[in-house]
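Remarks on the overall topology
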Amino acid sequence: MKRKFPLAAILLSILALVLAACSAAPKAEGQKKTVLTTFTVLADIAQNVAGDHLNVESLTKPGAEIHEYEPTPSDIKKAAKADLILDNGLNLESWFEKFVKDSDAKHATVSNGVKVINITEDAYAGKPNPHAWMSPSNVQKYVDNMVTEFSALDPAHADDFKKNAESYKQKLQQVKDDMVKELGTLPESQRALVTCEGAFSYLAQDAGMKEKYIWAVNSEQQATPSQISSVISFVKESQVPAVFCESTVTDAPMQQVVDATGARFGGVLYVDSLSDANGPVPTYLDMIRHDAHTIVKGLTGKS
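These notes cover the structure that comes with them. All figures in this text were calculated on a predicted structure; none of them were measured in a lab. (Residues numbered from 1 in each chain as written. Predicted model: local features only at pLDDT ≥ 70, side-chain atom pairs only at ≥ 80, totals over all residues. Heavy atoms only, no water.)

Describing the overall build of the protein chain
Convention followed: In this text, helices come from DSSP runs of H or I with a minimum length of four residues, and strands from runs of E with a minimum of two, each type numbered from the N-terminal end. For every residue, the accessible area obtained with a 1.4 Å probe (protein chains only) is divided by the maximum for its type, and the residue is called buried under 20%, exposed over 50%, and partly exposed between those limits. The contact criterion used throughout is that any non-hydrogen atoms of two residues lie within 4.5 Å. For the area figures, the Shrake-Rupley method with a 1.4 Å probe applies, and any residue is considered shielded solely by the protein chains shown.
When helices and strands are counted, the protein chain shows 10 helices and 8 strands. Looking at the protein chain as a whole, 51% of its 303 residues are labelled buried. Contacts spanning at least 24 positions in sequence make up 63% of the contacts within the protein chain whose residues lie at least 6 apart. With the model as given, the accessible surface of the protein chain reaches about 14400 Å², and the carbon-plus-sulfur share is 50%.

Below, the structure is given as structure tokens:
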């Protein structure tokens, strides 16, 4: 009987061979260098730092689920041509680890230096919660790491990268202050955030909210009865008025919580992916504003 190999393993093997055999073609004088990020949130942050001096692209498209992503042949071509590849790290892009290990591409992890929150439940207990970008304060660290990498990649524009970064960090601070202020209007009894994925630990910490989720990290597995039962118990005991789910996963398990508790479905939150340009969260700053407003609206029942 012939042995079968998973598609993802085959693609990653091809990816490693291509990157080992190819190097980015030398850039003509004055030609912009290319920075490739693993997902759209990082691409938007990187673009704010790079300004007009670098081409910034995201490996995944708007709306893609980053945790279980499988690289495609076109991704292989993008990676081979990139001058720098940025990932989040913290075990977010588990599919990306082999690519990094087997390639010669210049690579940097932008979460280096952030204060990590560890997951406390499920099979992931003790591992880092990868969604550090959900705190704008952490993204300020992401920005500092990008400045270092971009300045090494394109020294002629190092001063511009620093200026862009300082301007963007001020915007990050403002959006965090606005988020904390808005979520701070919630009555103490309503400061509980119940979501499908445990992606909001950093946001909840910033806002002084309790957190409960169905599963710790998005995966191919469906929610288990015990996970749903645990959330139902929490919602009933804490009298949580509304629950939420993320844009990249089905809300069917959370609808079971709604049916069992009478809590409202408060709306869709964005974490792992931005929307396209015409959607509700085309930028990272838009995403934080949207999520804060959706949480307040859902928990209070007010517009």
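Some thoughts on the environment of H131
Our working rule: As used in this structure description, the phrase polar contact means that two N or O atoms lie within 3.5 Å; if the pair is within protein, one of them must be able to donate a hydrogen and the other to accept it, and residues adjacent in sequence are counted only when both atoms belong to side chains.
Along the chain, H131 turns up in the loop between strand 4 (107–109) and helix 5 (136–153). Take H131: its relative accessible area is 0%, and that puts it in the buried class. Other than its neighbours up to four places away in sequence, H131 contacts H67, E197, G198, A199, Y202, V271 and D272. At 3.1 Å, the side chain of H131 forms a polar contact with the side chain of E197.

Describing the packing of helix 8 (residues 225–238) against helix 9 (residues 252–261)
To keep it simple, the criterion reads: The axes are straight lines fitted to the C-alpha atoms, using for helices just the contacting stretch, and the angles between their N-to-C directions are given from 0 to 180°. When describing relative orientation, an angle under 35 degrees is termed roughly parallel and one over 145 degrees roughly antiparallel, while 65 to 115 degrees is termed roughly perpendicular and anything else oblique. Each crossing is labelled by how the near helix is turned from the far one, with a counterclockwise turn of less than a right angle marking it left-handed and a clockwise turn marking it right-handed. The nonpolar class holds Ala, Val, Leu, Ile, Met, Phe, Trp, Tyr, Cys and Pro. Asp, Glu, Lys and Arg form the charged class, and all remaining residues, Gly among them, are polar.
Close contact between helix 8 and helix 9 brings their axes to 10 Å; oriented N to C, the two are set at 40°. By the criterion of interaxial angle, the relationship of helix 8 to helix 9 is oblique. The way helix 8 lies across helix 9 gives a crossing that is right-handed. Contacts from I228, V231, I232, V235 and K236 of helix 8 reach helix 9 at P253, Q256, V257, A260 and T261. Partitioned by chemical class, the residues of the contact of helix 8 with helix 9 number 7 nonpolar, 2 polar and 1 charged.

Quick notes on the sheet that holds strand 1 (residues 33–37)
Strand pairing in a sheet relies on backbone hydrogen bonds. The paired strands run either parallel or antiparallel. Selection criterion: Between any two strands, pairing holds if DSSP finds at least two bridges.
Here we have 4 strands laid out as an open sheet, ordered 2-1-3-4, and parallel in their pairing. Pairing within the sheet leaves two strands with one partner each, and these edge strands are strand 2 (54–58) and strand 4. This sheet shows a mean twist of 25° between the axes of neighbouring strands, independent of strand direction. In this sheet, strand 3 (residues 84–87) lies alongside strand 1 in parallel orientation, the contact comprising 3 bridges. Paired with V35 across the strands is L84, a residue of strand 3. The sheet contacts of helix 5 involve strand 1, strand 2, strand 3 and strand 4, and relative to strand 3 the element is tilted by about 170°.

Considerations on the packing of helix 2 (residues 40–50) against helix 5
For the pair helix 2 and helix 5, interaxial distance at closest approach is 10 Å and the crossing angle is 55°. With respect to helix 5, the element helix 2 is oriented oblique. Crossing of helix 2 against helix 5: the hand is right-handed. Judged by residue contacts, L42, I45, A46, V49 and A50 of helix 2 engage V139, Y142, V143, M146, V147 and F150 from helix 5. Taken together, the residues of the contact of helix 2 with helix 5 sort by class into 11 nonpolar, no polar and no charged.

Focus: the pairing of strand 8 (residues 264–269)
Strand residues, when the strand is regular, have side chains that alternate between the two faces of the sheet. Counted only if it meets this: With its strands directed away from the observer, a crossover is right-handed exactly when the path from the first strand over the helix to the second travels clockwise.
The pairing of strand 7 (residues 242–246) with strand 8 spans 5 bridges and is parallel. Looking at the pairing, C245 lines up with V268 of strand 8. Taken together, strand 7, helix 9 and strand 8 form a β-α-β motif whose crossover is right-handed.

Considering the packing of aromatic side chains
Threshold: The criterion for an aromatic pair is that two Phe, Tyr or Trp rings (for Trp, the six-membered ring) have centres within 6.5 Å, with stacked assigned to planes under 30 degrees apart, edge-to-face to planes over 60 apart and tilted to the rest.
Scanning the entire structure with this criterion turns up 2 aromatic pairs. Taking the centre distance of 5.8 Å and the plane angle of 65° together, the rings of F150 and F161 count as edge-to-face. With F150 in helix 5 and F161 in helix 6 (residues 158–183), this pair connects stretches of sequence that are 11 residues apart. As far as burial versus exposure is concerned, F150 and F161 are alike and both buried.

Details of the pattern of salt bridges
Rules: When a carboxyl oxygen of Asp or Glu lies within 4 Å of a side-chain nitrogen of Lys or Arg, that pair is called a salt bridge.
Scanning the model with the defined rule gives 6 salt bridges in all. Note that E166 and K169 form a salt bridge whose closest N and O atoms lie 3.7 Å from each other. You can see E166 and its partner K169 sitting in helix 6, 3 residues apart, about one turn around the helix. Note on E166: relative accessible area 44%, which makes it partly exposed. Across the pair K176 and D206 runs a salt bridge, and its minimum N-O distance is 3.9 Å. Within this pair, whereas K176 is found in helix 6, its partner D206 is found in helix 7 (residues 201–207), the two being separated by 30 residues in sequence. For the residue pair K176 and D206, the accessibility class agrees, reading buried in each case. Residues joined by salt bridges that share partners form a network here, namely D144, E166 and K169.

Examining the nonpolar core
The criterion, for reference: In plain words, nonpolar cores are sets of buried Ala, Val, Leu, Ile, Met, Phe, Trp, Tyr and Cys residues tied together by side-chain atoms within 4.5 Å.
Membership of the largest hydrophobic core comes to 87 residues, with the highest contact counts inside it found for W133, F150, L183 and Y284. If one sorts the elements of this core by residue count, helix 10 (residues 284–300) sits on top with 8 residues. Look past the residues within four positions of L183 in its chain and what remains in contact with it is R191, L203, A207, M209, A292, I295 and V296.

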